[in-house]
Amino acid sequence: PARTWMGARVTSGGSWTFFGCTMTPGFTYAGYEHGDPAVLTARHPDRAAHIARLCRP
């Protein structure tokens, strides 16, 4: 659904990650909205550390 975030990281001892996403209707930059980690953390404070690990600075 709209406003859904995904994240992935390489597990300890791993060397790569395979990550994919299929969207419908198709993705366009005109409809792209970059997420805000502060908003996501406010919604899910119990997952704040996990969110911080998966978000770019």
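The paragraphs below set out a description of the structure included in this document. (Residues numbered from 1 in each chain as written. Predicted model: local features only at pLDDT ≥ 70, side-chain atom pairs only at ≥ 80, totals over all residues. Heavy atoms only, no water.)

### So, the overall build of the chain
Turning to step 1, where the next piece is worked out: On a plain count of helices and strands, the chain comes out with 2 helices and 0 strands.
Turning to step 2, where the next piece is worked out: Here the C-alpha radius of gyration of the chain, 14 Å, is well above what a compact globule of 57 residues would show, namely 10 Å.
Turning to step 3, where the next piece is worked out: Counting only C-alpha atoms and orienting by the principal axes, one finds that the chain spans roughly 35 × 30 × 20 Å.
Turning to step 4, where the next piece is worked out: Burial status across the chain gives 4% buried among its 57 residues.
Turning to step 5, where the next piece is worked out: As presented, the chain carries roughly 5,400 Å² of accessible surface, and 58% of it is formed by carbon and sulfur atoms. (Helix = DSSP H or I, 4+ residues; strand = E, 2+ residues; numbered from the N terminus. Rg over C-alpha atoms; globule rule 2.2 N^0.38 Å. Buried < 20%, exposed > 50% of the residue type's maximum accessible area, 1.4 Å probe, protein only. Areas by Shrake-Rupley, 256 points an atom, 1.4 Å probe, with all protein chains shown as cover.)

### Topic: a nonpolar patch on the surface
Turning to step 1, where the next piece is worked out: On the surface, a cluster of nonpolar side chains totalling about 500 Å² of accessible area is made up of Met23, Phe27, Tyr29 and Tyr32.
Turning to step 2, where the next piece is worked out: For Tyr32, the location among the structural elements is in the segment before helix H1 (37-43).
Turning to step 3, where the next piece is worked out: A relative accessible area of 43% places Tyr32 in the partly exposed class. (Patch = residues over 30% accessible without salt bridge, like charges linked within 9 Å, V, L, I, M, F, W, Y side chains within 5 Å. Salt bridge = Lys/Arg side-chain N within 4 Å of Asp/Glu carboxyl O.)

### Examining the layout of surface pockets
Turning to step 1, where the next piece is worked out: Looking at the largest pocket, its volume works out to about 1,500 Å³.
Turning to step 2, where the next piece is worked out: Looking at the largest pocket, it is lined by 32 residues, and the ones nearest its centre are Thr4, Trp5, Met6, Tyr32 and Glu33.
Turning to step 3, where the next piece is worked out: By residue number, the principal contributor to the lining of the largest pocket is H1, which donates 4 residues.
Turning to step 4, where the next piece is worked out: Of the residues in the lining of the largest pocket, the class split is 15 nonpolar, 11 polar and 6 charged. (1 Å grid on protein atoms, 1.4 Å probe; cavity = no way out; pocket = protein on both sides within 12 Å on 5 of 7 lines; lining within 4 Å. Points joined across faces, edges and corners; volume = space filled by probe spheres on them. Nonpolar A, V, L, I, M, F, W, Y, C, P; charged D, E, K, R; others polar.)

### Section: the environment of Thr28
Turning to step 1, where the next piece is worked out: In this fold, Thr28 is placed in the segment before H1.
Turning to step 2, where the next piece is worked out: Each C-alpha atom, one on Thr28 and one on Arg3, is 15 Å from the other, the two residues being 25 residues apart in sequence.

### Thoughts on the environment of Arg56
Turning to step 1, where the next piece is worked out: Relative to the elements of secondary structure, Arg56 occurs in the segment after helix H2 (48-54).
Turning to step 2, where the next piece is worked out: Taking the C-alpha atoms as reference, Arg56 lies 9.0 Å from Pro37; in sequence the two are 19 residues apart.

### Description of the state of the cysteines
Turning to step 1, where the next piece is worked out: In total, this model carries 0 disulfides according to the counting rule given.
Turning to step 2, where the next piece is worked out: Cys55 carries a free sulfur, and the closest cysteine sulfur to it, the one in Cys21, is 16 Å from it.
Turning to step 3, where the next piece is worked out: Relative accessible area serves as the criterion here: at 22%, Cys55 is assigned to the partly exposed category. (Disulfide = S-S within 2.5 Å.)

Nothing here speaks to function; it is geometry throughout.
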